[in-house]
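# Residue-level structural notes
Below, each chain spelled out in residue letters.
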Amino acid sequence: MIDSINDSQNYNISYPPKDYSFYSQGKEHPQRFSNYQELINTLKIYKDEVNRLQHLLMLASDDIEKKNNEIQKLIKQLTEANSTIQQIQTENKLLLQKLKGAEANSNLFKKFAFGDKKTENQSPAQSSTTKKSKERGAKDGHKGHGRKIPDNLPIIENIIDIPEDKKHCECCGNPLHLTDLVEESWEICCEKIYYVLKHIRKIYKKNCGCNRPLITAPPPVKLIPRGKFSTEFWVDILINKYYLALPLERQIVDMRQYGLAVGSGTLCGGLENIYHIYLKYLYEALLKDLKNYTHYHADETRWKLFVKIDDKKNYIWYIFVFVTKETCVFVLSQTRSSKPVLKTLFDIQDEDDLEDITDFFPLDERKKMSVDRFSAYKFLRNKGFVELSFCWSHVRRDFLDAVVKYPELEQWGEEWILRISLLYHINNQRIEYDKDTSEFQNYHLQLKIQIDEIYNLINLDYNNIGQKEVMNSMIEHWNGLILFVDHPELPMDNNLSERMIRLIALCRKNYYGNHSKDFAELSCAMFSIIQTCILNNISPRKYLFYYLNECAKNHTPPVNLEAFLPHKLTPDIKCNLLLKPYP
């Protein structure tokens, strides 16, 4: 109806005039006048209604347009929100999977750090209803798997017979007859003996008249010319002292238990000769090869050397360790400074010559070192020799120490330990893939998110002095702590060198150190050889016997020493020297 009225207006349809007085004169048509009056009133009502509806339509159109704009805006926001929700759900799903894998480790960390607090706040009634944890060990009714006898050990048969006076029937006295049946059982035994090996060299005589009528078989190979101990004997001494941390005096006591009396002077003299003639050159070859690597784990520990030196007031020396992916080298030093690092890795004798140097190498040519926060390594970084990757295990240790020192920070410290555990887990998942894979990129993104979260947390304001100490340390070493993010080949911690240096700590506990510098250098050489063998899954005992036996053939080290390094052995030789796996 509105449309029809609007159309009538568009075609200029005129309405009757407002002055209707002329109708009053036409009294002869009263009925017609009445009809016109009603029509005019009706049209007037319709016109008012049309105007009202047009006004409402105009208002409604504006409102609809606004609503449509709001709807479009809300649809856009909803689309963006759905996309964000989907991305967050995907990330949460991955994080939940990772947290499940890290849950056991995190619970173990919490237990080590804070003890078991599951039932601390429970009432006795609650404690009684708590489900008991699974007990360790075999359960009643479990049949087990039987005793496992190693199949890699030699078997010596011991035949047990019935005594002669028992080989008859106890009832009638008739003799017993031997059958083909036997009953077998096994036990693992050990036997240690020292014996004298008598070499009998045959002599042949010529039947002709030529010179040298008598020909004697060649003498056996001896490590020390005219020495009375075999290569196996000296290898056993070296392994016991430097691998099993057994002092020489204790070995001498053990030898006496088996009937061999040896003086300590004899053993010390023999070891000194072996070092200067054979082992020293192998150790120097390891030092030379060490310079070819670009990433090191480094650490240091004290070592006592009971030798008086004019400018040294005590007997405390230090041993530095440098570990690569294939080698492990220990270096003796009078001081705990950057001098041994400069000398070992860069052939620089005096750090005083570096006073005015700030960029010794360009940034892309600098070696990378995984270290703790010792100042000597920071000196090398400041001079432009290396880039430092600081250890996250030391950061974790800071939180543990803070909790012990400030008990009110227990919950805060626990949260940080879990946060660091998650960081380890994400990085471990990341380095399982190549850089070009989507899996690597996914974990790399998650790692950056976690790193950003940690960075924001350490830059907050803290009131507790314990929190400030830990946070300030992280801020100071932050660039080194995140170096592994852009260099996936770098580990997050320096635990490898910590494990390698543990052997020194064990030996130091058992025999303190050395009484001469030669023996201290021998200790470093042996520690280096043993730990390099371990890194390459080679038996230190087998390797030492192989190397020293090759040396004994000419009473001099091999010409090509590099080929005798544990990590550069040929595959066939290395196969014979591998550590035997556990049965």
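Fair warning: this is a prediction, and the values are worked out from it, not measured in the lab. (Residues numbered from 1 in each chain as written. Predicted model: local features only at pLDDT ≥ 70, side-chain atom pairs only at ≥ 80, totals over all residues. Heavy atoms only, no water.)

## Section: the nonpolar core
As a rule of thumb, soluble globular proteins bury nonpolar side chains together. The biggest cluster of nonpolar side chains holds 117 residues, and the ones touching the most others in it are Leu 279, Phe 330, Met 369, Trp 392, Phe 399, Met 474 and Tyr 547. Ranked by residues supplied to this core, first place goes to helix 6 (residues 264-290) with eleven residues. Beyond its immediate chain neighbours, meaning those up to four positions away, Phe 330 contacts Tyr 283, Ile 319, Phe 320, Val 321, Met 500, Ile 501, Ile 504, Cys 524, Phe 527, Ser 528 and Gln 531. (Core = buried A, V, L, I, M, F, W, Y, C linked by side-chain atoms within 4.5 Å. Buried < 20%, exposed > 50% of the residue type's maximum accessible area, 1.4 Å probe, protein only. Helix = DSSP H or I, 4+ residues; strand = E, 2+ residues; numbered from the N terminus. Contact = heavy atoms within 4.5 Å.)

## Description of the pattern of salt bridges
Applying the stated rule across the entire model yields 14 salt bridges. Linking Lys 192 and Asp 254 is a salt bridge whose minimum nitrogen-to-oxygen distance equals 2.5 Å. With Lys 192 in the loop between helix 3 (124-129) and strand 1 (203-205) and Asp 254 in helix 5 (residues 248-257), this pair connects stretches of sequence that are 62 residues apart. Here Lys 192 falls in the partly exposed class, since its relative accessible area comes to 35%. Overall, Asp 254 belongs to the partly exposed group, its relative accessible area being 26%. Notably, a salt bridge pairs Glu 562 with Lys 568, separated by 2.6 Å at the nearest N-O pair. (Salt bridge = Lys/Arg side-chain N within 4 Å of Asp/Glu carboxyl O.)

## Quick look at helix 12 (residues 465-476)
Taking 1.5 Å as the rise per residue, helix 12 with twelve residues should run 16 Å; its terminal C-alpha atoms sit 16 Å apart, in good agreement. Among the residues making up helix 12, those that are buried are Gly 466, Gln 467, Val 470, Met 471, Ser 473 and Met 474. Mapping the buried residues of helix 12 onto a view down its axis gives an arc of 155°, with all of them on the same face. Next to the buried residues of helix 12 lie helix 9 (392-405), helix 10 (410-430), helix 11 (438-458) and helix 13 (478-481). Where helix 12 begins, the side chain of Asn 464 points an oxygen toward the backbone nitrogen of Gly 466, at a separation of 2.7 Å. (Expected span 1.5 Å × (residues − 1). Arc of directions from axis to C-beta. Polar contact = N/O pair within 3.5 Å; in protein donor to acceptor, adjacent residues only side chain to side chain.)

## A short note on the environment of Lys 288
Mapped onto the elements of the fold, Lys 288 is located in helix 6. The exposed category is assigned to Lys 288, whose relative accessible area is 64%. A sequence separation of 57 residues divides Lys 288 from Leu 345, and the C-alpha atoms of the two residues are 8.9 Å apart.

## So, unusual backbone geometry
The phi angle at Ala 245 is positive, at roughly 60°, despite the residue not being glycine. By relative accessible area, Ala 245 is classed as buried at 1%. Despite not being glycine, Asp 347 shows a phi value in the positive range, around 55°. With respect to the helices and strands, Asp 347 occurs in the loop between helix 7 (339-346) and strand 6 (367-371).

## What to know about the packing of aromatic side chains
Evaluated as defined, the whole model comprises 21 aromatic pairs. For the ring pair Phe 229 and Phe 233, a centre distance of 4.3 Å and an interplane angle of 15° mean the geometry is stacked. Each of the two residues, Phe 229 as well as Phe 233, counts as buried. Seen in terms of ring centroids, Phe 306 and Tyr 315 are 5.6 Å apart; in terms of plane orientation they differ by 50°. Their pairing is tilted. Here Tyr 315 falls in the partly exposed class, since its relative accessible area comes to 33%. Seen from the ring of Phe 374, Arg 336 lies directly overhead, with NZ or CZ sitting 4.0 Å from the centre. We note Arg 419 situated over the ring of Trp 416; from NZ or CZ to the ring centre the distance is 4.7 Å. (Phe/Tyr/Trp six-rings, centres within 6.5 Å; stacked < 30°, edge-to-face > 60°. Lys NZ or Arg CZ within 6 Å of the ring centre and 35° of its normal.)

## Focus on the side chain of Lys 367
Looking at the element boundaries, Lys 367 is found in strand 6. It is Asp 347 that comes nearest to the buried, bridge-free Lys 367 among opposite-charge side chains, at 9.8 Å. At 3.2 Å, the side chain of Lys 367 forms a polar contact with the backbone oxygen of Lys 291. When near neighbours in sequence (up to four residues on either side) are disregarded, Lys 367 contacts Lys 291, Tyr 293, Thr 294, Tyr 296, Leu 345, Phe 346, Phe 385, Val 386 and Glu 387. (Lys, Arg positive; Asp, Glu negative; His and termini not counted.)

## Some details on the environment of Ile 319
Within the secondary structure, Ile 319 sits in strand 4 (residues 316-323). Taking the relative accessible area as the measure of exposure, Ile 319 reaches 0% and is therefore buried. In this structure the C-alpha to C-alpha distance between Ile 319 and Trp 303, which are 16 residues apart in sequence, comes to 6.3 Å. When residues no more than four places from it in sequence are discounted, the contact partners of Ile 319 are Asp 299, Glu 300, Thr 301, Trp 303, Phe 330, Val 331, Leu 332, Ile 501, Ile 504 and Cys 524.

## Some words on the pairing of strand 7 (residues 386-390)
Among the five residues of strand 7, five are classified as buried, and the element is accordingly described as predominantly covered. Of the two faces of strand 7, the one holding Val 386, Leu 388 and Phe 390 and the one holding Glu 387 and Ser 389 are both buried throughout. Where strand 6 meets strand 7, five bridges bridge the pair, whose relative direction is parallel. Paired with Lys 367 across the two strands is Val 386, which belongs to strand 7. Considered for its hand, the β-α-β crossover made up of strand 6, helix 8 (residues 375-382) and strand 7 is right-handed. (Pairing = 2+ DSSP bridges. Right-handed = clockwise from strand over helix to strand, strands pointing away.)

## Observations regarding the confidence of the model for the protein
Averaged over all residues, the pLDDT of the protein equals 86, while 85% of them reach at least 70. This stretch, residues 1-16, has a pLDDT under 50; its non-local contacts, to residues over four places away or in other chains, come to ten contacts. Per-residue pLDDT stays below 50 along residues 18-28; that stretch engages in four contacts with residues further than four places along the chain or on separate chains. (pLDDT = per-residue confidence, 0-100.)

## Thoughts on helix 17 (residues 540-554)
In this model helix 17 runs 22 Å from its N-terminal to its C-terminal C-alpha over 15 residues, within 8% of the 21 Å that 1.5 Å per residue would give. Among all positions in helix 17, only Pro 540, Tyr 543, Leu 544, Tyr 546, Tyr 547, Leu 548, Cys 551 and Ala 552 are buried. Buried residues in helix 17 make contact with helix 4 (231-242), helix 6, helix 16 (517-535) and helix 18 (571-577). Just past helix 17, the residue His 555 takes up positive phi, approximately 55°.

## Quick word on a negative patch on the surface
Together, Asp 62, Asp 63, Glu 65 and Glu 70 make up a negatively charged patch on the protein surface. Along the chain, the position of Asp 63 falls in helix 2 (residues 30-114). (Patch = residues over 30% accessible without salt bridge, like charges linked within 9 Å, V, L, I, M, F, W, Y side chains within 5 Å. Areas by Shrake-Rupley, 256 points an atom, 1.4 Å probe, with all protein chains shown as cover. Charge placed at Lys NZ, Arg CZ, Asp CG, Glu CD.)

## Some words on a nonpolar patch on the surface
Side chains of Tyr 36, Leu 39, Leu 43, Ile 45 and Tyr 46 sit close together on the surface and give an oily, nonpolar patch of about 470 Å² of accessible area. By relative accessible area, which is 32% here, Leu 43 ends up partly exposed.

## Examining the pairing of strand 5 (residues 328-333)
Counting buried positions over the six residues of strand 5 gives six, a clear majority of the element. Of the two faces of strand 5, both are covered, the one formed by Cys 328, Phe 330 and Leu 332 as well as the one formed by Val 329, Val 331 and Ser 333. Sheet topology places strand 4 next to strand 5; six bridges connect them, and they run antiparallel. Bridge pairing in strand 5 places Val 321 opposite Phe 330. The hairpin formed by strand 4 and strand 5 contains four residues between the paired strands.

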